[in-house]
Structures are given as C-alpha cells and as structure tokens.
Amino acid sequence: MTAGVGLPTALAEPTVPVRRSWIALVFSANLGVWMAFFTPIQVLLPNQVELIDPANKEAMFGWVTALGALAAVIANPLAGALSDRTSLRIGERAYGRRHVWTLSSALLGAASLAVLGQQRTIVGVAVCWVAAQVCFNAALATLTAAIPDRVPVAQRGGVSGWVGIPQSLGLVVGAVLVTAIFTENKAGYYAVAVAVLILALPFALFTPDDPLPPAHRTREPLLSGMWISPRRHPDFAWAWGTRFLVQVGNALGTLYLLYFLQDGVGYHDPEGGLLVLILIYTAGMMATAVVAGRLSDRSGRRKIFVIWSGVIMAVAAVLLAVWPLWSTAIVAAVLLGAGYGVYLAVDAALITQVLPRASDRGKDLGVINIANAAPQVLGPAMSAPIVVHLGGYSTLYALTAVVTLLGSVFVVRIRSVP
C-alpha cells in the first residue's frame, strides 16, 4: 500500500488523526517501559547497592547507572536504525518494521529485570542492568518512532503530552508497587517485570504497523549513517543540543534525590518522602503536559513553550540549592513537574519536525535519545564529586538550574519551527 506517488505508507507523512484507542495503547506501552527505567533507578537499585556495599553506596550506584546509560546511548539509535530497515515477511504476509522490536525487547527486558533481582554482587547488578537498558531502549526507540510514523504534525503536541506523562507516572506506579505492595527488593523487580509485559505488549499486538517494501529500505551503511551533519541539518543539531542540556540538568537534579532527602534534608522517612515528592511532581506534570501540547498545536508555536518550561524548572532547582528543607522540596516538586510536563510535550513535537529523512525516523530519534541517555553517564561522574567534595547538594542544584536554563534558551537557534 502506498501514499502519494511511489511512496509507501510507512514513509509517508501521516495526515489522518490517530484515535483515542491508539493513544491509550501507546500511553500504556510507554508507561511500562518508563516503569522499567525509573523504578529501579530511584528505589530498587539504590537499596540493592546499599545492601551489597553500604560504605561506597554513592560511588557504586553511580557506576552501575553510568554503565546502564552508556549501554542506552549505543542501543537506542542502533535499534532505531535496525527497525528503519526491517522488512519482515513470513510466507505471504508482510509485517511492520516497529512492532517486532517492541515485542521482543519487552520480553527480553522483563527477563533481565527478573534476573537482576537475584544478584548479590555489584558486578552482577551492573551486567543485568546493562542488559535491561539495552532491551528497554530498543523498545523505547520503536515507541518513539511511532509518533512521526502515525501522528499528523497538527496533533503531535497533544499526543506527545500523553506519551510524556508515563515518564513520571511510571515511576509513581512503580514506586507504589515496590514500597507499598511488594516491599522486598527481589519481589519488586518481579512486579515491575510483569507490569512491563502487561502494559507494553497490547500496543505491539493490536495496533497497525505499516510494512516497509524491501525496495524502499535505506542503503546507507549502518554505522556511518549514525552521523548527522550539523552543517547540513543545523536545526536537528540544535534540537539535540538543547535536549542534551536539559537532560543533564534533569540527571543532576534527580539522580541522588533519595540520598538528598536522607542526608541533605534529614527527612525522617526518605523513601516515603521520595514517594510523596514523586506524586506531587507527577500531578504537576499531568496538569500541564497535554494542555501545553494542545495549546502548542493550536498556536503552531513550539519554542516559547520550551523556553518558559526551562525557566520554571531552573527556579525550582534554585529553591533546592538555597533552602534544602522539606517544605521547599514540595514547592520545587510542583514547579519541576509543571515545567517538565510542558517541556516533554512541546519539545518532543518540535523534534519530530526537524528530522532529516522519513526513511530514518527511528535512527534519527534514536540519536536524539542519546541526548536523554548520555546525561545519565555524565550525571554520576559530575554529581558524585560535587556532593562529596565540591559544596554538596547546594552546588549540585545550582548547577542544575544553570544547565537547564541554558538548554531551554538555546532553542531559539532552531529556525524551521516557530
């Protein structure tokens, strides 16, 4: 089936708005994947690392998360590029290029989490977390590509708002599972693994996925095709750079949040406090994401929303730097959630409008996702010495504010999107 002259549906610019059922299923799939990303990082991995090596918990946790992020940097664009080239046929039936990756990655990722829960050494934890990161980043690459594959530009802000909500809601649902229902660490990993399958598989099994005719597969070499020239595609380069800076700020601000409540604020129940802050943050994000995305769709403007979202998040980080109190943390959680909700919805829509080629959507969005994952490598490398040697949490959150503000303001350099 083709759309336009000689152009297969898989590569055509979508024009038919997606239905609510499609949005609900892609929302669910993203919820499962983000649960698998953030619940271990915020709750399960810190507890597991502390049980194994309490004297060096900060450094060991930093190494584990950094290795996982490094694996994500490689896996996401590679899986996206491979899905761009997938032209699967079994007998007379042709299958789409995305869902086979989503399905297999969810299954293997869930298995990785189940094995991770059984580890009793830092090396074992690191290896299993790397495996989980590879799998879930492959799933994320194909889920992210579904937006430009199937959603018209005029609908992308609103849909991106719905797709962005699981980034924090997944942590809330996961945190409830592992702190209130399955309180033993191993059981927590199992619960998240099962949740991933329940939430992610329906999208791969019950939504359309247009096949790519073999004649339309890109012939560009896989590895060399990863490079996207900033000179030829400056807007894409600026979109990558601004996303990278904002995510560096996000990594600096959230990586040691549990330890910040424990050691910086001195809160009596850091795990319970973390759950409260996550709930507040998520409420703020849910209140703004879809609304801001739809307003951006209606106005046709993206950059002004991104700039103001960065300003709001920077203000929240300054509050944490100056007043490390529980009451301040609550206010900061509201502001961070509201700002990040706007950012995720509108910046995601903006990025889909600066992709170089329709045939490389998965790969190009995978390259963008390096800007999400690479800060998880830099975050521990920067945060640990700051917290331990260079001024503690006040310095950490001040730097968070500066980096986040720069990332949002530089979006004005993008010329092709208003």
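Since we're looking at a predicted model, the values are computed, not measured.

A count of helical and extended segments in the chain gives 14 helices and two strands. A compact globule built from 418 residues would reach a C-alpha radius of gyration of about 22 Å, and the chain, at 20 Å, matches this within 12%. In terms of overall dimensions, the chain has a C-alpha envelope of 65 × 45 × 40 Å along the principal axes. The buried share of the chain, taken over its 418 residues, is 58%. For the chain, the accessible area works out to roughly 16800 Å², and carbon and sulfur atoms hold 69% of it.

On to the nonpolar core, then. With 88 residues, the main nonpolar core has W22, L45 and L113 as its most contacted residues. With 16 residues, the single largest contributor to this core is helix 1 (residues 20–52). A145, F305, V342 and L365 belong to the second-largest nonpolar core, a separate cluster that totals 27 residues.

Before going further, it helps to examine a nonpolar patch on the surface. Together, W63, L67, L70 and I74 give the surface a local cluster of nonpolar side chains, amounting to about 440 Å² of exposed area. Along the chain, the position of L70 falls in helix 2 (residues 57–85).

As a further point, take the pattern of salt bridges. A full pass over the atoms with the stated rule returns 12 salt bridges. The salt bridge involving E50 is made with K57; its shortest N-O contact spans 3.5 Å. Judged by relative accessible area, which is 29%, E50 ranks as partly exposed. A single network of salt bridges, built from pairs that share partners, joins D84, R97, R98, D149 and R361.

Time to look at the packing of helix 1 against helix 5 (residues 156–164). Between helix 1 and helix 5, the least distance of the axes is 8 Å, while the angle of their chain directions is 35°. Taking contact as the criterion, the partners of W22, I23, V26, F27 and N30 in helix 1 are, on helix 5, V159, W162 and V163. A class-by-class count of the residues in the contact of helix 1 with helix 5 yields seven nonpolar, one polar and no charged.

In this section: the side chain of H99. You can see H99 is positioned in helix 3 (residues 99–116). When near neighbours in sequence (up to four residues on either side) are disregarded, H99 contacts F203, A204, T207, P208 and D209.

Mean pLDDT over the chain stands at 90; residues scoring 70 or higher make up 97%. The low-confidence segment residues 1–5, where pLDDT is below 50, has nine contacts with residues more than four positions distant or belonging to other chains.

On to the packing of helix 11 (residues 303–322) against helix 14 (residues 392–409), then. It is the contact of helix 11 with helix 14, at a shortest axis distance of 8 Å, that shows an interaxial angle of 170°. Accordingly, the angle class assigned to the pair helix 11 and helix 14 is roughly antiparallel. Seen from helix 11, the contacting residues are V306, I307, G310, V311, M313, A314, A317, V318, L320 and A321; seen from helix 14, they are S394, Y397, A398, T400, A401, T404, L405, S408 and V409. When its residues are assigned to classes, the contact of helix 11 with helix 14 shows 14 nonpolar, five polar and no charged.

With that settled, the discussion passes to the side chain of Q167. Topologically, Q167 is positioned in helix 6 (residues 166–181). When near neighbours in sequence (up to four residues on either side) are disregarded, Q167 contacts W34, F38, M285, Y340 and L344.

Now for the state of the cysteines. Throughout the structure, instances matching the rule amount to zero disulfides. Of the cysteine sulfurs around C128, a residue in no disulfide, the closest is that of C135, at 11 Å. With relative accessibility at 12%, the residue C128 sits in the buried group. Given a relative accessible area of 12%, C135 falls into the buried group.

Let's shift gears to the packing of aromatic side chains. In total, this model carries 13 aromatic pairs according to the counting rule given. Look at W34 and F37: their rings are 5.1 Å apart centre to centre, the planes differ by 55°, and that puts the pair in the tilted class. Of the two residues, W34 and F37 are both situated in helix 1; the distance of three residues between them amounts to about one turn of the helix. Like F37, W34 is buried. Measuring from centroid to centroid gives 5.0 Å for F260 and Y397, while their planes differ by 70°, and the two rings are edge-to-face. Residue F260 is found in helix 9 (residues 257–265), and its partner Y397 is found in helix 14; the two are separated by 137 residues along the sequence. Assigned by exposure class, F260 and Y397 land together as buried. Here the aromatic cluster, defined as three or more aromatic residues joined through ring pairs, consists of W34, F37, F38 and F136.

Conventions adopted
- Residues numbered from 1 in each chain as written.
- Predicted model: local features only at pLDDT ≥ 70, side-chain atom pairs only at ≥ 80, totals over all residues.
- Heavy atoms only, no water.
- Helix = DSSP H or I, 4+ residues; strand = E, 2+ residues; numbered from the N terminus.
- Rg over C-alpha atoms; globule rule 2.2 N^0.38 Å.
- Buried < 20%, exposed > 50% of the residue type's maximum accessible area, 1.4 Å probe, protein only.
- Areas by Shrake-Rupley, 256 points an atom, 1.4 Å probe, with all protein chains shown as cover.
- Core = buried A, V, L, I, M, F, W, Y, C linked by side-chain atoms within 4.5 Å.
- Patch = residues over 30% accessible without salt bridge, like charges linked within 9 Å, V, L, I, M, F, W, Y side chains within 5 Å.
- Salt bridge = Lys/Arg side-chain N within 4 Å of Asp/Glu carboxyl O.
- Axes fitted to C-alpha atoms, helices over the stretch in contact; angles between N-to-C directions.
- Contact = heavy atoms within 4.5 Å.
- Nonpolar A, V, L, I, M, F, W, Y, C, P; charged D, E, K, R; others polar.
- pLDDT = per-residue confidence, 0-100.
- Parallel < 35°, antiparallel > 145°, perpendicular 65-115°, else oblique.
- Disulfide = S-S within 2.5 Å.
- Phe/Tyr/Trp six-rings, centres within 6.5 Å; stacked < 30°, edge-to-face > 60°.

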